[in-house]
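# A structural walkthrough
Each chain, written out:
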Amino acid sequence: MTDIISVQGLEKTYENGFSALKNIDLTIKQGEIFALLGPNGAGKTTLISTICGLVNPTKGTVKAGDFDIISQYKAARGLIGLVPQELTTDAFETVWATVSFSRGLFGKKPNKALIEQILKDLSLWDKRNNQLRQLSGGMKRRVMIAKALSHEPQILFLDEPTAGVDVELRRDMWALVRKLRDNGVTIILTTHYIEEAEEMADRIGVINGGEIILVDDKDALMKRLGRKTLTISLYKAIEDLPISLADYPLQLSDDGLTVSYEFDAQQEHNGISHIIANLQAEGIEFTDIQTQESSLEDIFVNLVHQKDDAA
Amino acid sequence: MNVHSIAAIYQFEMFRMWRTKLQSILTPVISTSLYFVVFGSAIGSRMEDVGGVSYGAFIVPGLIMLTLLTQSISNASFGIYFPKFSGTIYEVLSAPISYVEIVIGYVGAAATKSIILGLIILATSTLFVDFQIQHPFWMLGFLVLTAVTFSFLGFVIGIWADGFEKLQIVPLMVVTPLVFLGGTFYSISMLPSFWQGVTLANPVVYLVSGFRWSFYGSSDVNIWISLGMTLGFLALFIGMTAWIFKTGYKLKP
Ligand SMILES: Nc1ncnc2c1ncn2[C@@H]1O[C@H](COP(=O)(O)OP(=O)(O)O)[C@@H](O)[C@H]1O
Ligand SMILES: [Mg+2]
């Protein structure tokens, strides 16, 4: 896959001296859904805003579809649609007018059929003649998406698209994002909801304190850094774990019927066979064994801690 | 030039005026009409002619100038301040559109509005006083030039302002006094010579004087000096606008 965005050595120091982005290198592949995951204040909005031309970079280069965002800003920005984090709308404009305005602003000829399609896809058609102040927050969010799509961007940035959005709209949003991706649009979304990245993304970049901690395929990320839990269901309850297993951080459930063991999935010698052999040697029978990958949330918490510990 | 982009901004701004037509058009027309009634008819009937022109007719160019200056500044400053304030400016800044195109859209719309207003007030004034325009092309030229020039100033103020107070302060504290002291209601030749000298430091004098010359063929200041000064202001304010965009001042962190 070709790279549609490449960020090299990007740094942003705000006027007050705060360094919000530190030497960011990042490439986004054409046609993927990329989730930029990080806690509040990590620098997600700053990174997106810089790529979209809203923040002046202090250092480094950014290219969108081979165009430099500064020296060839017109060509670069023409490819990009942005749905910012904040809901900012002109209260007295109608839905139709504001979406049509966006298309014109991006230098495209009017295309009523296309705008109609976008509004229908976003369930906004019935509201097309409503003023924006008459819409709910969720509706306004859709309008902002419609505005960003009005000029047929190849790359769509969604900055925290589902923050403060109800479950139903979140599902709709996810469905829409998938549909756009199927139509060939590259999507970069930021989120601090781990489930969202896990649910949506092909690749995930984790950002914290203005640094990209890692970028990987979602599945690989889960595998590479995931911890697994081994759960052994016992035939009969036991009171204590056998002494021979004291070396392992095993947990016994209160009812004495389940033994669980968390281990690093990357490790070759994870001790599973040893534990099982030992249980059998002790005459403890079991009815079921299963392993489970831990959630991205655990991975993320781990990563941030590792980084903090290293610093 | 990106025609669709410029047209989008321009139309958006013109629609805004249309939506608020009562406030944007009627208010200035009413307030200028009041000036005509009070200064033109009531007081003017007891005033001597000024340089062969009746007092009521004498103040017409000054009053149009007053509207033109204040409206250009407030239209343009509000036009750019509001998206900055509400955050919708993000869209303009992320669009594939050059600074020149942005300025043509915003300043062009603000200037258009005040030109329309100026012409409406000119038409209104014919209801109150008799006058003729000796140099209509010069008159239109000054009208357009002044509207554009002060729309640039308004644009600069709109970007500089970070609150509604600052937005009002320049029009209210600087422009209005300068216009009143700039020969709107009197010829500066009526002043003692010392004050005539002081008055010449007031930039508005040159605008009003040139504009009045296009009406009645006589003026306090040579017409070419007036024109030169107006162009000088235009260059100054364009320069300020260019600097703002070059540095991203208050537009981009
Ligand atoms: N204009 C600004 N001036 C100074 N600091 C800023 C500015 N904008 C953002 N920051 C700071 O930069 C950091 C990153 O912010 P942001 O990119 O909004 O994070 P995120 O979107 O990941 O929550 C935060 O600490 C924030 O306070
Ligand atoms: Mg953010």
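Residues numbered from 1 in each chain as written. Chains lettered and ligands numbered in written order. Predicted model: local features only at pLDDT ≥ 70, side-chain atom pairs only at ≥ 80, totals over all residues. Heavy atoms only, no water.

## Side note on the pattern of salt bridges
To be explicit about the condition: What makes a salt bridge here is a side-chain nitrogen of Lys or Arg within 4 Å of a carboxyl oxygen of Asp or Glu, nothing more. The helix and strand labels rest on DSSP assignments: H or I over at least four residues marks a helix, E over at least two residues marks a strand, and numbering proceeds from the N terminus. We call a residue buried when its accessible area falls under 20% of the maximum for its residue type, exposed when it is over 50%, and partly exposed in between, using a 1.4 Å probe and counting protein chains only.
Applying the stated criterion across every chain, the model contains 16 salt bridges over all chains. Across the pair A:R178 and A:E199 runs a salt bridge, and its minimum N-O distance is 3.4 Å. Of this pair, A:R178 sits in helix α6 (residues 167-182) while A:E199 sits in helix α7 (residues 194-200); the two residues are 21 residues apart in sequence, bridging distant segments of the chain. Here A:R178 falls in the partly exposed class, since its relative accessible area comes to 29%. A relative accessible area of 35% means that A:E199 is categorised as partly exposed. As a salt-bridge pair, B:D162 and B:K166 come within 3.3 Å of each other at their nearest N and O atoms. Accessibility expressed as a relative area gives 29% for B:K166, which makes it partly exposed.

## Quick notes on the interface of chain B and chain A
It is common to report an interface's size as the accessible area lost on association of the parts. This is how the line gets drawn: Contact between two residues is taken to exist if any of their heavy atoms lie within 4.5 Å; hydrogens are not considered. By buried area we mean the combined loss of accessible area, with a 1.4 Å probe, across both parts when two parts are placed together. Polar contacts here mean pairs of N or O atoms no more than 3.5 Å apart (in protein, one a potential hydrogen donor and the other a potential acceptor; neighbouring residues in sequence count only if both atoms are side-chain atoms). Ten residue types, Ala, Val, Leu, Ile, Met, Phe, Trp, Tyr, Cys and Pro, are classed as nonpolar, four, Asp, Glu, Lys and Arg, as charged, and the remainder, Gly among them, as polar.
Opposite the 23 residues of chain B that make contact, chain A presents 29 residues. Ranking the residues of chain B by area buried against chain A places B:Y90, B:P96 and B:P253 at the top, with a combined share of 27%. Taken together, the links from chain B to chain A amount to three salt bridges. B:R19 is paired through a salt bridge with A:E93; the nearest N and O atoms lie 2.6 Å apart. At the boundary of chain B and chain A, one finds eleven residue pairs in polar contact (both at pLDDT 80 or more). Those elements that provide at least two residues to the side of chain B that touches chain A are α1 (3-19) and α4 (89-94) of chain B. No other element matches α1(B), which puts six residues into the side of chain B that touches chain A. Its residues assigned to classes, the side of chain B that touches chain A shows ten nonpolar, nine polar and four charged.

## Quick notes on the environment of A:K179
All names here are of chain A. Locating K179 in the fold gives a position in helix α6. On the accessibility criterion, K179 (42% relative accessible area) is partly exposed. The sequence separation of K179 and L87 amounts to 92 residues, and the corresponding C-alpha distance is 23 Å.

## Examining the layout of surface pockets
In this approach a probe as big as a water molecule rolls over the atoms, and the regions it shows empty are the leftover space. Heads up, the rule is: Only protein atoms enter the calculation, which uses a 1 Å grid: trapped sets of points that fit a 1.4 Å probe without letting it out are cavities, open sets showing protein on both sides within 12 Å along at least five of seven lines are pockets, and any residue with an atom within 4 Å of a point is a lining residue. Grid points are joined across faces, edges and corners, and a volume is the space filled by probe spheres set on the points.
Empty space within the largest pocket amounts to approximately 1,100 Å³. Those elements that provide at least two residues to the lining of the largest pocket are α3 (95-105) of chain A together with α1, α2 (21-43), α3 (55-86), α4, α5 (99-125) and α7 (164-180) of chain B. Of all the elements, α3(B) adds the most residues to the lining of the largest pocket, at eleven residues.

## Side note on the domain arrangement of chain A
Definition in use: Note that domain bounds follow an automatic or database assignment of domains.
The domain boundaries assigned to chain A delineate domain 1 (3-222) and domain 2 (227-293). Taken over C-alpha atoms, the centre of domain 1 of chain A sits 46 Å from the centre of domain 2 of chain A.

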